[in-house]
Amino acid sequence: MQATATSPAGAGGTLRVNGRDVALLPDDDRTLLEWLPEAVGPVSARSACDGAHCGSCAVVLDGTPVKSCTVPVASLDGAEMRTLDAYQQEAGALAPLMEALAGPSVFQCGYCRSAFFFAAKALLEETPEPGRDDIQAAFAGLLCRCTGYQAIVSAVEGAARAMAQAAHAPHGAKPVPRVSAHAPRTVAAACAAAQARPGAYWLAGGQHLVPLLQHSAQAEPSLLEIAGIAELGRIEVVGDRLFVGAGCTHGQIAASEPVRSALPDLAGLAGKVGDIYVRARGTLGGAMVSAWRNGSYPSFLMATDADVLAAGRRTFALDWFAERAENRDRPPAELILGVEIPTHWQVSHQAFRPRPARPALVSVTGARDVAGDLRIAVAGYGARPFLVRDADTLLAAARGSLPDVELAAMLDVLPLDDGEASGAYRLAILRQLLQRLPFHGA
Amino acid sequence: MNASVVTPIGAPVRRKEDHRFITGKGRYTDDLSRPGQAHAYFLRSPYAHARIRAIDTSAAIDMPGVVAVLTGKDLAQDGLGGLICGWMIHSKDGSPMNAGAHPALALDTVRYVGDHVAVIIAETLNAAKDAAAAVVVDYEILPAVADLAQAQAEGGPVIHDVAPRNTVFEWELGDKAGTEAAFARAAHVTAIDIVNNRLAPNPMEPRAAIGDYDAGDDAFTLWTTSQNPHVARLVLSAFVGLAPENKLRVIAPDVGGGFGSKIFIYAEETVCAWASKRVGRPVKWTCERGEAFLCDAHGRDHITRGELALDGEGRILGFRVKTTANMGAYLSTFSSCVPTYLYATLLSGQYAIPAIYCEVDAVYTNTAPVDAYRGAGRPEATFLVERIIDKAARELGMDPAEMRRRNFVTAFPHQTPVIMCYDAGDYGASLDKALALADYTGFPARKAEAERRGRLRGIGLSAYIEACGIAPSAAVGSLGAGVGLWESAEVRVNPTGNVEVLTGSHSHGQGHETTFAQLVSARLGIPIDQVSVVHGDTDKVQFGMGTYGSRSGAVGMSAIVKALDKVEAKAKKIAAHVLEASEGDIEFKDGRFTVAGTDRGLAFAEVALNAYVAHKFPTSEIEPGLKEGAFYDPSNFTFPAGCHVCELEVDPETGVTQIVNWVAVDDFGTVINPMIVEGQVHGGIAQGVGQALMERVAYDNDGQLVTGSYMDYQMPRAEDLPSFTLGLTETRCPSNPLGMKGCGEAGAIAAPPAVINALTDALGTQDISMPATPAKLWAVAQARVTRRAAE
């Protein structure tokens, strides 16, 4: 295998940290968060949760905000990262943001500061003049226990005003995927590597997988990094179908012009996945594997009758998610290449998300074609996502005065009843979401 | 504001500590490393209740990188005592509380999931974790009880042999006969049943410790995430028996939030210090969030029945309360005072109540220990008082604001029937201001408008009071406290006129480095950047009681004032000699000592230099130098009070609550830095809203923790909270020199009843418990529809 220029043979390469090159160890199985203090001493990124819930460990990696507990350090040869410390030395165009966040009592104990700085930085790059709601939404996956957040939100509002007056750098450059020298660069190489290492996990964005592995009692599983495979990052319209590569981040899908014009609700739901950190790194393929039960993609892909393309086969989304439900405890052996979605639908996606940054409790997608045929898929209601059998009848029933028990009987799927919500509550929410679908009598 | 100018009290000064925090240069305990340190990992009980038949550590010791595997037997062998509860409570019958032993590592029994079984010390944390899996523990699983309501059942599991029916104490306060008499003549009685939900404090910085034994000096240093390092040293010396105080240094560097949970002396910190001598190397431990959910002391967890006796005009005649309080599996450091003297003493609220009687049963369960969490007893009291008065108003058809006004204490001092003597306040003023800011009179129109949109809108009041500035030493001593609750300060003036202030208070987000410096800057007339505040190190600071109970302003700063008085008095003597004037003619103003009626004078720095040079005054009469210390013991508690108004809307179809307006009008007495006070209020409200709408610690019937991560334990995020409208009213606190009352806990105390009162208003039923989650409110809203249909 060809070693890259930054990676001398036998070593783990280098990572540029706050302007200084730091050597990586070969086969280092630590996360970036674990590695940082041991390699460079204490920095502003700090551990405060069990993985990806709080943001206190945030850094910026190749221009992208990341929670450093979700990044394996072995994948970072040749990358460049900064902690908050670097911006204190030289804030550049972000000086007004640094200044605003240094205001009196914006923070109290100071422990969570990185979370909010890097989320605000990413928000202001996307949305130079955010409203208060935008700022609160950008902080969805972050935790501060001292402040009640309002002072931080106000400080970012003030910074945005100051920065909007200064010139704004154009944004939208795709982050460069970083992979270690040993990561496959093509689908064929990835599949060959997987055959050689049965039981290995595919590692794309790592948003779900890395924190999970950190707390796994089992020995370190082997990982196959796929972030560097270019063909997984494609988005393109071919005829009346839209291909979205499994390696596309939620942020890329949300911002993609082809997606926004062909299937605007797909861009919309991608823009609401997780939080600003998850959207910067988390991928479509990763979400299909980890959030297969109640994430937003399953209902969307099932209602639109998408195909899931894997190396060597093509499956209806419906069947693919059914298989996923059967094999929930095992990592997928096959490499997902992407999804191919027919674009002739009028689509509406409705989700109920009572907890910020978490998958929807229940989500519903309706898709209607020119002939008036309607498909509705539901996720989060039952033990697995499903396609409604007679969508028009169900929609009419949900809007009518049919009692809940009879509506439930029509669905012929038992609602989940767990610590998060009762079955009756899930049914009531599903009814609400069905009522919100903008389709009228067949 | 510029740091190089004198900063008066009340100025919104930027925080001095922020420069350190914003650079990521904050020095939290986990940022520190000691040369040669090893890492500790604790093997914890997977069972809520079990007897340990045997522990086999032999395989673990042989694992790569393992330095030592230690158990409770090793601790006992070294003669170390158990952890203590520092407040003795006596039952009604005069008997002392039934406190079970609390070893730092379990000896023969584990009593909750997460209880400490062994510590594994290794070269790396991962090596320690791997070895923990190789420790073989032979458990005999015992029946467990996690549910507070079942804990006192006859024939149930007994958690400590010393506590039959798991009852720690059966305590009472107040006048039983007088209260019975009040109920006998009542025109109306309102009763309420309340569960005050168990909470996890969750400061963002997890606990951490490094123990370091120096064989050369035979002395220990313990770096730890503590709100009161001096008390930690005292307990570890006097009770645990680790080392005498002169051989034990405790340092609490930057601490990332505490909210009470870092007051206590825990097993892990104790073990790290002890083990560092045992293994001859520094031992470091950092808590993982999952461990914090298991083992950081939880808060609240009460079941209460309250009854209010009223006359025909809505005046309160008497109040009767029966509370069962969950203490968890062991009595944590201050746990026993929380449901007693920090709770029942506040049951009079802001109201003139002639007779109060309260009984509290404290019980053990197979759950994590419960101790002080932001507010500690006062939120539980306020929730009860503010819920029952609201319910009474609804039952009597009175406006809740009018009901409160009719019963307010209006003359001060006011002696309540439950120990406290309120010294100053104007409850009508804070109510009026809050109602005006909330546009209370415009509410019916807003409610009607919301109803047209299909939303149920409600408004809720909370007129809270708390007892802070904890506390007069003799008074708390008479109630069972094992320590005095004064505070100390030392003001060191250096020869060039800059100042170091050493305080026994501790800052973990409150901004003491700024407010304390602001006080000194204003008093001595020197720029704020010439004042440094030193805290959190027992080798530097004389002694102190730490930061909790909103005491650092009222008590900690009062000690600084007392030391400043001494500095000024001595400096005046020196100035008189240098200026060749009589001491009585020396005036000190704006940083200058002047001879009255002349233009002759000296800057503060010149007097400081003269004090150290000592050429111009008789050292037989005046000692050289300018450094003064003071210990300040408060003469009373302080009584912050105020009124919060919550306005919210519930979507009956989803049960989702949106808080649309929040008004907080607080009387904290003198305010030193309004920005810091606002931050404290915001943060307190956020935690109170969390308790009301989403937070709860839950155990299943086997005592397994159900809410052990942020997946299951929901804390407020930015989108969950509204903007807050804050207002202040001010009555000076007469008992301390600055007139301060304290602000750190007010929001957490005031908020929960404001939210629930608003929800009961919106949904038209009193039957709403905390946390009022969407699923729960949806069910209430559905029942409301059904009820209306039936009517």
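Residues numbered from 1 in each chain as written. Chains lettered and ligands numbered in written order. Predicted model: local features only at pLDDT ≥ 70, side-chain atom pairs only at ≥ 80, totals over all residues. Heavy atoms only, no water.

Examining the overall build of chain A
A count of helical and extended segments in chain A gives 18 helices and 16 strands. Considering only C-alpha atoms, chain A reaches an extent of 65 × 55 × 45 Å along its principal axes. Taken across its 442 residues, chain A has 57% of its residues classed as buried. Of the roughly 17,400 Å² of accessible surface on chain A, a fraction of 53% belongs to carbon and sulfur atoms. (Helix = DSSP H or I, 4+ residues; strand = E, 2+ residues; numbered from the N terminus. Buried < 20%, exposed > 50% of the residue type's maximum accessible area, 1.4 Å probe, protein only. Areas by Shrake-Rupley, 256 points an atom, 1.4 Å probe, with all protein chains shown as cover.)

Describing the overall build of chain B
Scanning chain B for helices and strands turns up 19 helices and 28 strands. Expected size for 791 residues packed as a compact globule is a radius of gyration near 28 Å; at 28 Å, chain B falls within 12% of this value. Along the three orthogonal principal directions, the C-alpha set of chain B runs to about 95 × 75 × 50 Å. Within the span of chain B, comprising 791 residues, buried residues form 65% of the whole. Summarising the internal contacts of chain B: among those between residues at least 6 apart in sequence, 79% fall at separations of at least 24. Counting every atom, chain B has about 26,000 Å² of accessible surface; 51% of that belongs to carbon and sulfur. In chain B, the 70 positive side-chain charges and the 93 negative ones have mean positions that sit 2 Å from each other. (Rg over C-alpha atoms; globule rule 2.2 N^0.38 Å. Contact = heavy atoms within 4.5 Å. Lys, Arg positive; Asp, Glu negative; His and termini not counted. Charge placed at Lys NZ, Arg CZ, Asp CG, Glu CD.)

With respect to the sheet that holds strand β4 (residues 109-110) of chain B
All names here are of chain B. The three strands are arranged β4-β2-β6 in an open sheet whose pairing can be described as antiparallel. This sheet does not close on itself; its edge strands, each paired only once, are β4 and β6 (136-141). Two elements, strand β2 (residues 50-56) and β4, share two bridges in a ladder whose sense is antiparallel. Looking at β4, one finds that Arg51 is bridged to Thr109. (Pairing = 2+ DSSP bridges.)

Things to note about the nonpolar core
The biggest cluster of nonpolar side chains holds 234 residues, and the ones touching the most others in it are A:Leu97, A:Phe116, A:Phe139, B:Phe319, B:Leu347, B:Trp662 and B:Leu759. Among residues more than four places away in sequence, those in contact with B:Leu347 are B:Phe319, B:Val321, B:Ile353, B:Ile356, B:Cys358, B:Ala381, B:Leu384, B:Val385 and B:Val418. (Core = buried A, V, L, I, M, F, W, Y, C linked by side-chain atoms within 4.5 Å.)

A word on the packing of aromatic side chains
A full pass over the atoms with the stated rule returns 30 aromatic pairs over all chains. The interplanar angle of 70° and the centroid separation of 6.2 Å between the aromatic rings of B:Tyr112 and B:Tyr330 together place this pair among those described as edge-to-face. In this pair, B:Tyr112 sits in the loop between β4 and β5 (116-122) while B:Tyr330 sits in the loop between β14 (316-328) and β15 (355-364), placing the two residues 218 residues apart along the sequence. Of the residues examined, B:Tyr112 reaches a relative accessible area of 3% and is grouped as buried. Look at B:Tyr330 and you get buried, because its relative accessible area is 1%. For the pair B:Trp171 and B:Tyr341, a centre-to-centre distance of 5.2 Å together with 80° between the ring planes defines the contact as edge-to-face. A residue pair is termed long-range when its members are at least 10 positions apart, and B:Trp171 in strand β7 (residues 167-174) and B:Tyr341 in the loop between β14 and β15 qualify at 170 residues. Residue classification places B:Trp171 among the buried residues on the basis of a relative accessible area of 2%. Among the aromatic residues, those joined into a ring-pair cluster are A:Phe107, A:Phe116, A:Phe139 and A:Tyr149. (Phe/Tyr/Trp six-rings, centres within 6.5 Å; stacked < 30°, edge-to-face > 60°.)

Quick word on the domain arrangement of chain B
All names here are of chain B. When the domains of chain B are assigned, the result is domain 1 (18-25 + 486-632), domain 2 (36-148 + 205-295) and domain 3 (421-465 + 638-791). Relative to domain 3, the C-alpha centre of domain 2 lies at a distance of 37 Å. At the interface, eleven residues of domain 2 touch 13 residues of domain 3. Summing both partners gives a buried area of about 890 Å² for domain 2 against domain 3, and 60% of it is carried by carbon and sulfur. Considering only the side of domain 2, the residues that lose the most area to domain 3 are Val113, Ala146 and Phe293, jointly responsible for 55% of the buried surface there. At the junction of domain 2 with domain 3, the criterion picks out zero salt bridges. In this structure, the connection of domain 2 to domain 3 is made through two residue pairs in polar contact (both at pLDDT 80 or more). Class assignment of the residues belonging to the side of domain 2 that touches domain 3 gives a composition of nine nonpolar, one polar and one charged. (Domains from an automatic or database assignment. Buried area = accessible area lost by both parts, 1.4 Å probe. Salt bridge = Lys/Arg side-chain N within 4 Å of Asp/Glu carboxyl O. Polar contact = N/O pair within 3.5 Å; in protein donor to acceptor, adjacent residues only side chain to side chain. Nonpolar A, V, L, I, M, F, W, Y, C, P; charged D, E, K, R; others polar.)

Overview of helix α12 (residues 443-452) of chain B
Residues and elements named next belong to chain B. Listed as buried for α12 are Phe443, Arg446 and Ala450. Down the axis of α12, the buried set is contained in an arc of 60°. They therefore lie on one face. Within α12, the exposed residues directed more than 90 degrees away from the buried face are Pro444, Ala445 and Arg452. Contact partners of the buried residues in α12: β18 (456-465), β26 (641-650) and α18 (746-763). (Arc of directions from axis to C-beta.)

Topic: the interface of chain A and chain B
On the side of chain B, 62 residues touch chain A, which itself brings 55 residues to the contact. Summing the contributions of chain A and of chain B, the shared interface buries around 5,000 Å²; its carbon and sulfur component is 54%. The interface formed by chain A and chain B contains two salt bridges. Top contributing element to the side of chain A that touches chain B by residue count: helix α18 (residues 423-436) of chain A, with six residues. Per-class residue counts for the side of chain A that touches chain B are 29 nonpolar, 16 polar and ten charged.

Some thoughts on empty space enclosed by the protein
All names here are of chain B. Under the definition given, this model contains 16 cavities of 30 Å³ or more. The calculated volume of the largest cavity comes to roughly 720 Å³. Elements with a contribution of two residues or more to the lining of the largest cavity: α14 (512-524), α15 (552-579) and α17 (674-693). For the lining of the largest cavity, the leading source of residues is α15, giving four residues. Approximately 120 Å³ is the volume found for the second largest cavity. Forming the walls of the second largest cavity are 14 residues, and the residues nearest its centre are His102, Tyr112, Tyr266, Ala267 and Pro369. (1 Å grid on protein atoms, 1.4 Å probe; cavity = no way out; pocket = protein on both sides within 12 Å on 5 of 7 lines; lining within 4 Å. Points joined across faces, edges and corners; volume = space filled by probe spheres on them.)

Considerations on helix α1 (residues 32-40) of chain A
Residue and element names in this part refer to chain A. Here α1 has its buried residues at Leu32, Leu33, Trp35 and Leu36. The buried residues of α1 all sit within an arc of 155° when viewed along its axis, so they share a single face. For α1, the elements touching its buried residues are β1 (14-17), β2 (20-23), β3 (58-61) and β5 (80-82).

Some words on the packing of helix α9 (residues 378-396) of chain B against helix α10 (residues 400-407) of chain B
All names here are of chain B. The geometry of α9 relative to α10 is characterised by a closest axis approach of 9 Å and an angle of 115° between their N-to-C directions. Here α9 lies roughly perpendicular to α10, going by the angle between them. Crossing of α9 against α10: the hand is right-handed. Of the residues in α10, those touching α9 at Glu386, Ile389, Asp390, Ala392, Ala393, Arg394 and Leu396 are Pro400, Met403 and Arg404. When the residues that make up the contact of α9 with α10 are grouped by side-chain class, the tally is six nonpolar, no polar and four charged. (Axes fitted to C-alpha atoms, helices over the stretch in contact; angles between N-to-C directions. Parallel < 35°, antiparallel > 145°, perpendicular 65-115°, else oblique. Left-handed = near helix turned anticlockwise from the far one by under 90°.)

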